[in-house]
Amino acid sequence: MLKKLSLSLLLCIVGFTSLTAQQPSKPKASEIYHNLQKLNFIGSALYIAAHPDDENTRLISYLANDVKARTAYLSLTRGDGGQNLVGPEIRELLGVIRTQELLAARRTDGGQQLFTRANDFGYSKHPDETLEIWNKDEVLGDVVRAIRKFKPDVIINRFDHRSPGSTHGHHTSSAMLSVEAFDLLNDASKYPSSAKLYGTWQPKSLFFNTSWWFYGSREKFEAADKTNLVEVQTGNYYPALGLSNGEIASLSRSMHKSQGFGSTGSRGAETEYLEFLKGDLPKDKTNVFDGIDTSWNRLDGGAAIGAILNPLEADFNFQNPSAMLPQLTQAYELVKNLKDTHWRVIKLKQLETLILDCGGIFLEAVANTNAINPNGTYEVTLEAINRSDFPVVINSIKSVKGEVLLAIDKKLLPNEKKEFSLTVTSTSTKVSSPYWLNEKGTLGMYKAPEEMIGLPETPAPEQVVFSIQLQNTEISIAKDVVNKFNDPVKGEVYQPLEVLPVVTSSIPEKVLIFSSEESRQVPVTVTAGRDNITGSVTLQHPKGWQVTPAQAVFNIETKGQTQTLQFTVTPPKDQSEGYLRSLAQMGDQFFDKELVTIDYDHIPYQRVLLPSEVKIVRIGIEKKGQNIGYIEGAGDAIPQSLREIGYDVTTIAPSEIVAGSLKQYDAIVVGIRAYNTVPELAFKQTELNTYVENGGTLLLQYNTSHRLVTPDIGPYTITLSRDRVTDEFSKVTILAPKHPVLNSPNKITQADFDNWVQERGLYFPSAWDEKFTPILGMKDKDYDESKGSLLVAPYGKGYYIYTGLSFFRELPAGVPGAYRLFANLLSIGK
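Residues numbered from 1 in each chain as written. Predicted model: local features only at pLDDT ≥ 70, side-chain atom pairs only at ≥ 80, totals over all residues. Heavy atoms only, no water.

It is worth spelling out the nonpolar core at this point. If you look at the biggest cluster of nonpolar residues, it comprises 57 residues, and the most contacted ones within it are W296, L328, I394, I397 and L470. Among the elements that take part in this core, helix α13 (residues 341-359) stands out by supplying eight residues, more than any other. In this structure, I621, V725, V741 and I828 belong to the second largest nonpolar core, which totals 42 residues. (Core = buried A, V, L, I, M, F, W, Y, C linked by side-chain atoms within 4.5 Å. Buried < 20%, exposed > 50% of the residue type's maximum accessible area, 1.4 Å probe, protein only. Helix = DSSP H or I, 4+ residues; strand = E, 2+ residues; numbered from the N terminus.)

The next point concerns the side chain of K615. Here K615 is to be found in strand β32 (residues 613-618). A polar side-chain atom of K615 sits 3.3 Å from the main-chain carbonyl oxygen of A813. Within the local environment of K615, its side chain forms a polar contact with the backbone oxygen of G814, the two atoms lying 3.3 Å apart. When neighbours within four sequence positions are excluded, K615 is seen to be in contact with K510, V511, L512, E577, G578, Y579, A813 and G814. (Polar contact = N/O pair within 3.5 Å; in protein donor to acceptor, adjacent residues only side chain to side chain. Contact = heavy atoms within 4.5 Å.)

The contact between helix α5 (residues 136-150) and helix α6 (residues 169-182) brings their axes to 9 Å, and the two run at 60°. By the angle between their directions, the pair α5 and α6 is classed as oblique. Handedness of the α5/α6 crossing: right-handed. Here α5 contributes K136, V139, L140, V143, V144 and I147 to the contact with α6, which in turn contributes L177, E180 and A181. Here the contact of α5 with α6 is composed, by residue class, of seven nonpolar, no polar and two charged. (Axes fitted to C-alpha atoms, helices over the stretch in contact; angles between N-to-C directions. Parallel < 35°, antiparallel > 145°, perpendicular 65-115°, else oblique. Left-handed = near helix turned anticlockwise from the far one by under 90°. Nonpolar A, V, L, I, M, F, W, Y, C, P; charged D, E, K, R; others polar.)

Attention now goes to the sheet that holds strand β4 (residues 112-115). One open sheet holds the seven strands; their spatial order is β4-β3-β2-β5-β6-β10-β7, and the pairing between them is mixed. Edge positions in the open sheet fall to β4 and β7 (229-233), since each of these has one partner strand only. Within the sheet, the average angular offset between the axes of one strand and its neighbour, ignoring direction, is 30°. Sheet topology note: the strand β6 (residues 205-210)/strand β10 (residues 271-279) ladder contains six bridges and is antiparallel. For F208, the partnering residue across the bridge sits in β10 and is E275. (Pairing = 2+ DSSP bridges.)

Moving on, we get to the packing of aromatic side chains. The geometry of an aromatic ring pair is captured by the separation of the ring centres together with the interplanar angle, meaning the angle of the planes. One pass over the full model with this rule turns up 20 aromatic pairs. These aromatic residues form a ring-pair network of at least three members: Y716, F772, Y795 and Y800. Lying over the aromatic face of F150, R70 brings its terminal NZ or CZ to 3.8 Å of the ring centre. When the ring centre of F221 is taken as reference, the NZ or CZ atom of K226 above it lies at 4.6 Å. (Phe/Tyr/Trp six-rings, centres within 6.5 Å; stacked < 30°, edge-to-face > 60°. Lys NZ or Arg CZ within 6 Å of the ring centre and 35° of its normal.)

The buried fraction of strand β31 (residues 606-611) is high, at five of six residues. Both strand β30 (residues 593-598) and β31 contribute to a ladder of six bridges, which runs antiparallel. Opposite L595, over in β31, you have L609 as the bridge partner.

Where helix α3 (residues 91-109) meets helix α10 (residues 245-253), the closest approach of the two axes is 8 Å, and the angle between their N-to-C directions is 165°. On the basis of their axis angle, the class for α3 and α10 is roughly antiparallel. Considering only the axes of α3 and α10, their crossing is right-handed. Contacts between α3 and α10 involve A105, R106, T108 and D109 on the former and, on the latter, I248, L251 and S252. Partitioned by chemical class, the residues of the contact of α3 with α10 number three nonpolar, two polar and two charged.

What follows covers the side chain of E352. Tracing the backbone shows E352 in helix α13. For the buried E352, which has no salt bridge, the nearest side chain bearing the opposite charge is K349, at an N-O separation of 4.8 Å. Here Y332 takes part through its side chain, which lies 2.8 Å from a polar atom of the side chain of E352. (Lys, Arg positive; Asp, Glu negative; His and termini not counted. Salt bridge = Lys/Arg side-chain N within 4 Å of Asp/Glu carboxyl O.)

To continue, consider α10. For α10, the tally of buried residues reaches seven of nine residues, placing the bulk of the element in the interior. Considered for burial, the residues of α10 that qualify are N245, G246, E247, I248, A249, S250 and S252. Elements that come into contact with the buried residues of α10 comprise α2 (57-66), α3, β8 (237-238) and β9 (243-244).

The tally for this structure, following the rule as stated, stands at 31 salt bridges. E439 is the partner of K447 in a salt bridge, and the nearest nitrogen-oxygen pair spans 3.8 Å. Residue classification places K447 among the partly exposed residues on the basis of a relative accessible area of 40%. Classification of E439 by relative accessible area gives partly exposed; the value is 48%.

Looking now at the environment of A304. Assignment of secondary structure puts A304 in helix α11 (residues 302-314). Between the C-alpha atom of A304 and that of A331, which follows or precedes it by 27 residues, the distance is 8.3 Å.

Take a look at the structure:
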């Protein structure tokens, strides 16, 4: 939202535009043809599952690129409860990453992305638990809302709704909710708010995307009755795109990099099976849209539009797509008069994009900064160029509210770039951040403003509208205001323009462990969101803790610069835990957020505002040994956590592991999934075993049995499984009460398993050599006890430890008992 202050007009000749992974779409003629085919298909399909990476990208790509249907994936969660193979982010920040990975996947396979407010709270063994934690009524309402808004003709579930308890509870729940929603959609009395907003709707058919896997074996599937199955061929090749459907699907799936789902493209025939569940069974068992008119004739007034656009598809001008602009603009005028508002909005947007692409018309709004404050001022450069011979006039630049920011009325002559500059004051009063994180939710549900529910991300805060004229057709094109710069390596890099606070503050370490009564210096880093800021910071703290000084003053001259303030924090004598919160004050305004940035090459640059707080824990904890080696795995925050309790931690590169190179370490910790993600470890086990044999302690955190770089992950046999305990409150049985890891240097009791987060552990071994001692037993309700969560074996003079306990979650969350137990594991034999 924009308000004009001043302007100037610049005119220059077009220059070279460099390429970047996040640049605006610039389709080739063959891709424009592909998009015209999609324009001429009037039908929609919705795929439903629980998490990012659950979706079948082969089927989504097939529906979007082969059938040409408007296709979306409704993921009930954002994947916050998963693991992260690309960095240390977990929980909410991992959800931000996986949201963007889903959006990248949809940009690749041609689909759209939708969500509910459900929070991925971690693995669930039964849908009863899932739906209780999620708040079934709210999530079902979000599913109904998404379907009524998207209005799919067909819905396809990824999972089977009839098999509760056989797989992840989130998976089964997604299918159960979809099946229940199907019967509610056309009843305005059910979830009336979404019925009022979007109307009721009734899809034609509901399917389950089955496969041999759901039947137990290929042989059982081959023998099964397939009367109710629709079979679609998803291995086709698309000449306009130069890729097979399988190749597109693998590129899409490979966007889930945080989950290690890189995929190799496939070519050749492939079949997907859809089991009919509800609605109308297609007569043509190879076409999910059988019986649905997907031509322009479906719409009142659509026949005339089809008479214009269908010949363009049949005789597409690959040499000069701009030759089709007269017909496209004629069709545009007719689409504006469609009575069906749902399809009118969709097809106008598609036509606008097609008209710009056919004419080589490029429009862009670039700010001189990537961040402003609420109601802040910035400079924006507007570029417009027409790279065709078709007459185009740029009439004006407007705000999204219709205010004319700049009256232009200039012809866009062929291949002559025009630039305009504006000084703008934003009318945005709210800061930018993932909307579902702005207000604290529950374990199972995020909170969101009603108008945001279902959106994949927060809309851009700043837009301008280019009003252009193509002969007698006026088109208004809204463009997000962005920021871009040139990187010496990457070239042209785009970033979003966002609204951020005047000041943010952060405490670097997110958990502070006080193992004695000694005071600690705690730094607070203050970051300026604009030039020339002055104020003070106070640290709010739990009762019994002391902080000095009561406040500290900051004075920062330049936006983006930081100043570090030092506070002394003194813990109480007795055990205590709580939160230390940084509060900045400028005049009568208070600021309690820290700014977290997420910067990976495969997703757009992300900035997240979170409460500026850290957990502080006063616990009695003893340890033996000092020097810890750490072999990185898939990414976790264990090294920082160990430093918190006084260990010296050194990262060990696998290439540096040679005979005699490890003797200086009192213990070595191997990061999560290291034996899944670090190929060099396949050749280093001998040296690691020798280190243990000579008196060292080697602690392996969990790995999965899938894609191990070597089956020999220790000196003795161990069989990994998918066993896990998902209830973080489940009772823990002490199996070896006299074992050193439970007694020295800290006495471990039942109290040390209180207040764990998300889960007890995962991927426990199911079998192990008799030399291992199982230390703990635990189970979820109605399941057998697992004894593989913590295994300890002497080897030579040292100890080998394997644990699936989720220390990678518990230590960063500041769980006192987890720290005490981990210290004992590192101290064994000392």
